[in-house]
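Architecture and fold: a report
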Amino acid sequence: MTRVAVVGCGAWGRNLIRTCAELGVLGAVVDADAAAAQGQADAWSVPPLPLAQALDDRRLDAMIIAAPAPVHAALCRLALSHGKDVFVEKPLASDLAEAEALAADVACSDRVFMVGHLLRHHPAFQALEAIVARGEIGALRYITASRLSLGRVRTHENAFLSLSPHDVSMVLALAGAEPARVKATGQAFVTRGVADEVHADLGFRGPGACGDLHAHIAASWLSPIKEQRLVVVGETGALVFDDVRPWSEKLMRRDQAVSLTEAGPVASGTEPRFVDLVAEPPLTREIRHFIQSCQTRETPLTGIDEGIRVQRVLESVQLQLSRGPDQLQSQSD
């Protein structure tokens, strides 16, 4: 039986702790805030441990890291050096250089390493991905992903870094390649230099008559409407993964095409229909996948290589934003 220590008892850390407890793998909790750690320890009948003790405890096989993002890489490195398998929440690291240095450490170890790109394990996305792989909507034409809400405004990372790694991971999985070009714009309304609203365009070189695949990703924590949507349009159909809707309506598909007539191109389509899904929380599936990877020693779906590919896109977006400093001035200036 794999035993896991969860490092970080914040809002998302508590979800991870609960999920590990439900799966029967929770061995300890760790947090710099002793009261927070004790509260979770009491709730799930596991010991609250200082980080150093958890690292040295041979009864703990793995660590799930849900600490503040700036310390992710350092904690991962410590866990690897103490022989622990590692699951780290997004983002993998503060920048690409730090991520690549961590990847070198992973390569030198024999440890399982997984990045928490949650939506890759969502039943709706996995069903969508399978439909695309079977060619049921034809060659892909474009993808749009939006993650918008009136939510937690951060001051140490912009909306894209905070909200969009999951979308980048899904887009890269569907494209089957890294983007050949990245363009991004953003606006800072609250904190100078920290974009509250970001739009990124990713271009992928693709074969066939339809030409290149294009993806657009939007992120904002100042939107009055909550939107968590992935739209995938192909030659002969389209798919919409809408995570705000109830389980029975999370994945919609529609057959559609454009016919060339004497009067010009005419678009037509069938009535939209919903795809049946297994209503299982994606976090449960994700942590179960990590535990299975620890037991089989197989590379996880979102291993270090996938994490580096996502980090490269995040870095490219950051570079694009930094090249337009006027766009990132606070609007109150």
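Note: the structure precedes this text.
Residues numbered from 1 in each chain as written. Predicted model: local features only at pLDDT ≥ 70, side-chain atom pairs only at ≥ 80, totals over all residues. Heavy atoms only, no water.

Helix and strand counts for the chain stand at 10 helices and 14 strands. Over its C-alpha trace the chain gives a radius of gyration of 21 Å, about what one expects of a compact globule, namely 20 Å for 333 residues. The buried share of the chain, taken over its 333 residues, is 48%. Within the chain, contacts between residues at least 6 apart in sequence are counted, and of these 64% link residues at least 24 apart. Accessible surface, the chain as shown: approximately 15300 Å² in total, 52% of it carbon and sulfur. Seen as two clouds, the 32 positive and the 40 negative side-chain charges of the chain have centres 2 Å apart. (Helix = DSSP H or I, 4+ residues; strand = E, 2+ residues; numbered from the N terminus. Rg over C-alpha atoms; globule rule 2.2 N^0.38 Å. Buried < 20%, exposed > 50% of the residue type's maximum accessible area, 1.4 Å probe, protein only. Contact = heavy atoms within 4.5 Å. Areas by Shrake-Rupley, 256 points an atom, 1.4 Å probe, with all protein chains shown as cover. Lys, Arg positive; Asp, Glu negative; His and termini not counted. Charge placed at Lys NZ, Arg CZ, Asp CG, Glu CD.)

The subject of this paragraph is the packing of helix α6 (residues 123–133) against helix α8 (residues 165–175). Interhelical geometry of α6 versus α8 gives an angle of 20 degrees and a closest axis separation of 10 Å. In terms of orientation, α6 and α8 fall into the roughly parallel class. Between α6 and α8 the crossing geometry is right-handed. Judged by residue contacts, Phe-125, Leu-128, Glu-129 and Val-132 of α6 engage Met-170, Ala-173 and Leu-174 from α8. Classifying every residue of the contact of α6 with α8 gives 6 nonpolar, no polar and 1 charged. (Axes fitted to C-alpha atoms, helices over the stretch in contact; angles between N-to-C directions. Parallel < 35°, antiparallel > 145°, perpendicular 65-115°, else oblique. Left-handed = near helix turned anticlockwise from the far one by under 90°. Nonpolar A, V, L, I, M, F, W, Y, C, P; charged D, E, K, R; others polar.)

A few words on empty space enclosed by the protein. What the rule picks out here adds up to 2 cavities of 30 Å³ or more. Estimated volume of the largest cavity: approximately 40 Å³. Lys-90, Pro-91, Leu-92, Val-115, His-117, Pro-165, Gly-307, Val-310, Gln-311 and Leu-314 together form the lining of the largest cavity. Space inside the second largest cavity adds up to approximately 30 Å³. The wall of the second largest cavity is formed by Leu-119, Arg-147, Asp-167, Met-170, Gln-228, Arg-229, Leu-230, Phe-241 and Asp-243. For the lining of the second largest cavity, the secondary structure elements donating two or more residues are α8 and β10 (222–234). Class assignment of the residues belonging to the lining of the second largest cavity gives a composition of 4 nonpolar, 1 polar and 4 charged. (1 Å grid on protein atoms, 1.4 Å probe; cavity = no way out; pocket = protein on both sides within 12 Å on 5 of 7 lines; lining within 4 Å. Points joined across faces, edges and corners; volume = space filled by probe spheres on them.)

As a further point, take the packing of aromatic side chains. Enumeration according to the criterion identifies 1 aromatic pair in this entry. One cation-aromatic arrangement involves Lys-250 over Trp-247; the distance from NZ or CZ to the ring centre is 5.4 Å. (Phe/Tyr/Trp six-rings, centres within 6.5 Å; stacked < 30°, edge-to-face > 60°. Lys NZ or Arg CZ within 6 Å of the ring centre and 35° of its normal.)

Tracing the chain through its elements places His-166 in helix α8. Accessibility expressed as a relative area gives 13% for His-166, which makes it buried. Within polar-contact distance, the side chain of His-166 engages the backbone nitrogen of Leu-118 at 3.2 Å. Those residues in contact with His-166 that sit more than four places away from it in its chain are Lys-90, Gly-116, His-117, Leu-118 and Leu-119. (Polar contact = N/O pair within 3.5 Å; in protein donor to acceptor, adjacent residues only side chain to side chain.)

Bringing helix α10 (residues 304–322) into the picture now. Compared with the 27 Å implied by 1.5 Å per residue over 19 residues, the 26 Å span of α10 between its first and last C-alpha is a close match. Listed in full, the buried residues belonging to α10 are Ile-304, Glu-306, Gly-307, Ile-308, Val-310, Gln-311, Val-313, Leu-314, Val-317 and Leu-321. Taken together, the buried residues of α10 touch α5 (96–108), β5 (113–116), α7 (159–163), α8, β7 (181–187) and β8 (197–204). (Expected span 1.5 Å × (residues − 1).)

Across all of its chains, the model carries 19 salt bridges by this definition. In this structure, Arg-59 engages Asp-57 in a salt bridge whose closest nitrogen and oxygen atoms are separated by 3.1 Å. Judged by relative accessible area, Arg-59 falls into the exposed class, the value being 66%. For Asp-57, a relative accessible area of 13% corresponds to the buried category. The salt bridge partner of Glu-280 is Arg-288, with a shortest N-O separation of 2.8 Å. Assessed through its relative accessible area of 19%, Glu-280 is described here as buried. Via salt bridges that share partners, Asp-85, Asp-110, Arg-111 and Arg-297 belong to a single interconnected network. (Salt bridge = Lys/Arg side-chain N within 4 Å of Asp/Glu carboxyl O.)

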